[in-house]
Amino acid sequence: MANNHSDTEKRLWEAADEFRANSDLKSSEYAVPVLGLIFLRYADHKFTIAEKELAGKGSGRRKIGKEDYQAKGVMYVPPEARFSHLLSLPEGENIGKAINEAMKSVEAENVDLKGVLPRTYTKIDNAILVSLLKNFSQIAMDAEGDTFGKIYEYFLGNFARAEGQRGGEFFTPTSLVKLIVEIIEPYHGRIYDPACGSGGMFAQSAEFIKAHQNNPSVEISCYGQERVGETRQLCMMNLAVHSLSGDIRLGNSYYEDPHDSLGKFDFVMANPPFNVDKVDKEKIKDDPRYPFGMPRADNANYLWIQRFYSSLSDTGRAGFVMANSAADARQSEMEIRKQLLQSHAVDVMVAIGPNFFYTVTLPCTLWFLDKGKATSKTKRKDQVLFIDARHTFRQVDRAHRKFSPKQIEYLANIVRLYRGEQPEFVAGEDEEVPASESTPEPDLKATFPRLEYADVAGLCKVATLEEIEAQGWSLNPGRYVGVADREEDDFVFAERLEELNEELEVLNSEASELEERIANNVAKLLEASC
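Quick caveat: nothing in here was measured; it's all calculated off a predicted structure. (Residues numbered from 1 in each chain as written. Predicted model: local features only at pLDDT ≥ 70, side-chain atom pairs only at ≥ 80, totals over all residues. Heavy atoms only, no water.)

Undergrad: Looking at this structure, how should I read the overall build of the protein chain?
TA: A tally of helices and strands in the protein chain yields 19 helices and 11 strands. For a compact globule of 530 residues, the expected C-alpha radius of gyration is about 24 Å, and the protein chain comes in at 25 Å, within 12% of that figure. Along the first, second and third principal axes, the C-alpha set of the protein chain runs to 80 × 60 × 50 Å. Summed over all atoms, the accessible surface of the protein chain reaches about 25000 Å², with 49% contributed by carbon and sulfur. Between the mean site of the 63 positive side-chain charges and the mean site of the 84 negative ones, the protein chain shows a separation of 6 Å. (Helix = DSSP H or I, 4+ residues; strand = E, 2+ residues; numbered from the N terminus. Rg over C-alpha atoms; globule rule 2.2 N^0.38 Å. Areas by Shrake-Rupley, 256 points an atom, 1.4 Å probe, with all protein chains shown as cover. Lys, Arg positive; Asp, Glu negative; His and termini not counted. Charge placed at Lys NZ, Arg CZ, Asp CG, Glu CD.)

Undergrad: Any chance you could explain the side chain of Glu409 here in plain terms?
TA: Positionally, Glu409 belongs in helix H15 (residues 405-419). The side chain of Glu409 is buried and forms no salt bridge, while Arg416, the nearest opposite charge, is found at 5.9 Å. Not counting chain neighbours up to four residues away, the residues in contact with Glu409 comprise Arg416, Glu424, Phe425, Val426 and Ala427. (Buried < 20%, exposed > 50% of the residue type's maximum accessible area, 1.4 Å probe, protein only. Salt bridge = Lys/Arg side-chain N within 4 Å of Asp/Glu carboxyl O. Contact = heavy atoms within 4.5 Å.)

Undergrad: Teacher, can you tell me more about the sheet that holds strand E2 (residues 220-226) here?
TA: The pairing of strands in a sheet happens through backbone hydrogen bonds and is either parallel or antiparallel. Strand order in the open sheet formed by 9 strands is E3-E2-E1-E4-E5-E7-E6-E8-E11, with mixed pairing between adjacent strands. Only two strands of the sheet have a single partner each, and these edge strands are strand E3 (246-250) and strand E11 (460-464). Adjacent strand axes in the sheet meet at a mean angle of 15° when their direction is disregarded. Two elements, strand E5 (residues 312-323) and strand E7 (residues 364-370), share 7 bridges in a ladder whose sense is antiparallel. In the sheet register, Arg317 faces E7, and the bridge partner there is Asp370. Where helix H14 (residues 331-342) meets the sheet, it contacts strand E6 (346-352), E7 and strand E8 (383-389), and its direction lies at approximately 40° from that of E7. (Pairing = 2+ DSSP bridges. Axes fitted to C-alpha atoms, helices over the stretch in contact; angles between N-to-C directions.)

Undergrad: Before we go on, may I ask you to explain the nonpolar core in this structure?
TA: A general trend in soluble globular proteins is that nonpolar side chains are found buried together. Counting residues in each nonpolar core, the largest one holds 106 residues, and the members touching the most others are Phe136, Phe155, Ile352 and Ile414. The element contributing the most residues to this core is helix H2 (residues 27-54), with 14 residues. In this structure Phe136 touches Leu12, Val34, Leu37, Ile38, Arg41, Phe83 and Phe155, once residues within four positions along its chain are discounted. Listed in part, the 43 residues of the second largest apolar core include Tyr309, Val384, Ala463 and Ile468. (Core = buried A, V, L, I, M, F, W, Y, C linked by side-chain atoms within 4.5 Å.)

Undergrad: Is there a simple way to explain the environment of Leu89 in this structure?
TA: Following the sequence through the fold, Leu89 ends up in the loop between helix H4 (83-88) and helix H5 (95-109). Expressed as a C-alpha distance, the spacing of Leu89 and Val130, which sit 41 residues apart in the sequence, is 9.6 Å.

Undergrad: What exactly am I supposed to notice about the packing of aromatic side chains here?
TA: Aromatic rings considered in pairs are described by the distance between their centres and by the relative angle of their planes. Counted by the stated rule, this structure contains 23 aromatic pairs. Taking 5.9 Å as the distance between ring centres and 25° as the angle between the ring planes, the aromatic pair formed by Trp304 and Phe308 counts as stacked. Separated by 4 residues within a single helix, Trp304 and Phe308 lie in helix H13 (residues 301-311), roughly one turn from each other. In terms of burial, Trp304 and Phe308 fall into one category: buried. Between Phe320 and Trp367 the ring centres are 5.8 Å apart and the planes differ by 25°, which places this aromatic pair in the stacked class. Separated by 47 residues along the polypeptide, Phe320 in strand E5 and Trp367 in strand E7 bring together distant segments of the chain. Summarising the burial analysis for this pair, Phe320 and Trp367 share the class buried. The ring centre of Phe425 lies 5.0 Å from the NZ or CZ of Lys445, which sits over that ring. (Phe/Tyr/Trp six-rings, centres within 6.5 Å; stacked < 30°, edge-to-face > 60°. Lys NZ or Arg CZ within 6 Å of the ring centre and 35° of its normal.)

Undergrad: How should the pairing of E5 be read in this particular structure?
TA: A regular strand carries its side chains on alternate faces of the sheet. Judged by how many residues are buried, E5 sits mostly within the fold: 10 of 12 residues are covered. In this sheet, E5 lies alongside strand E4 (residues 265-270) in parallel orientation, the contact comprising 5 bridges. Note on E5: the bridge partner recorded for Met269 is Gly319. The β-α-β motif built from E4, the intervening H13 and the parallel element E5 has right-handed crossover chirality. (Right-handed = clockwise from strand over helix to strand, strands pointing away.)

Undergrad: What should I look at first to understand the pattern of salt bridges in this one?
TA: Should their charged atoms come close, side chains of opposite charge can pair. On inspection of all chains with the given rule, the structure shows 32 salt bridges. Between Asp247 and Arg249 there is a salt bridge, and its shortest N-O distance comes to 2.7 Å. Residue classification places Asp247 among the partly exposed residues on the basis of a relative accessible area of 26%. Using a relative accessible area of 33% as the deciding quantity, one classes Arg249 as partly exposed.

Undergrad: How do you make sense of the packing of helix H7 (residues 147-162) against helix H12 (residues 229-241) when you look at a structure like this?
TA: For any two helices packed against each other, the geometry comes down to the angle between their axes and how far apart the axes lie. It is the contact of H7 with H12, at a shortest axis distance of 8 Å, that shows an interaxial angle of 150°. Taken together, the axes of H7 and H12 lie roughly antiparallel to each other. Side by side, H7 and H12 meet where Phe148, Gly149, Tyr152 and Leu156 of the first sit next to Leu234, Met237, Asn238 and Val241 of the second. Considered class by class, the residues forming the contact of H7 with H12 number 6 nonpolar, 2 polar and no charged. (Parallel < 35°, antiparallel > 145°, perpendicular 65-115°, else oblique. Nonpolar A, V, L, I, M, F, W, Y, C, P; charged D, E, K, R; others polar.)

See the structure below:
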């Protein structure tokens, strides 16, 4: 899992960001065109390799053409779209217009890309475009071909951070996505994300499969749905630079189902928007994608949860990000949660601490469903594994946290032990934030000396459905896992105070959110009673 390209990615980003900083462009006006150039450089790279392989294989009667490249799984890049052509244009040429034409010609030759590539380059200054072309032309090519995927992902993350709230709508922090992928283990099958954003779930699934020595383009099929056209563009280009193809449709997932998703998918992964209100439930009250009924609360969390559940095949697994409040929601939402638990599909719940997202500080919970449990003969059928990962993180900067590769592996291994699977020990070092004496990596063999699952106070607990019913059908890991016995701390007071203050800010924010919801509900009750 080590990232050997971090220096390349940082260098390219610093150069690209410097161009933006010296222009009048907003981040939102700059992101898609820049990511489009990375995509074009990737297509040009793959085309160049295929061109060398095909050299001399034509004949007098039959010349090498577009079909020969596509037969190799390579996009056809016409001469006017080659990077070498764009770099050779004379000074004073309208570079923006030339890149627009290049994108148009690539789409014309590759029908799957129709309407995907950006054509807004005339809004960007010529000098910036020339610098970007030169910058990206220096990307070193490696034999494994995953360089572009990592660069694209790095740029996506940085643009998401720069765009604030909107960035959170199209990009899920990579370490959270990796943890979801490691726990649901999408080795083979059809993967669905009905809130797919820029496609991070698909990209990390491909990385997981490659790490297990298989070919993602053979093992998985990707199906997505996205509400925003520009974000769908980002997703399609992201799939391409990870050597994946996918069926990504535009549509509002509450009301539209272009993939006819009911019971269709082997894996569902998503990071849906939290606590969305004003969904027109009258439109969907009889929709079979919501088998447990409509929540009365004006909140779409339990619509999303039912969508994920109903999209799974009889043996499918789902992993998704959810607001903390959903795990303890009461009344009609609790009734839906009770039915979900009684279907035996809820498998694992993981509590995540604050500051993992770029745009909000709120903590979240990862939910994992496994429909295959319902027909299994193991005791897991009537159990749920709760993990409290709130104290597992690596501090990136003052405001942001993530998981290191070994922390992801450690948490996923707890789930593997619970499932009776063999743990894995292949994660590399974290090059961005290395471990230190004060922040060591977790040690699975120290926690589970026999490498067999056992409850660990403060970390993990397997609860039965009876125990969960006794807790009011709560799926909040904190209710089950308890608190670890701790030795007397040798801590720095200022650091601890800052940590506690951050936690207080999170709790205050949650309290404010709940206060607002209560006020809205009271207002509605009063209106109804008049």
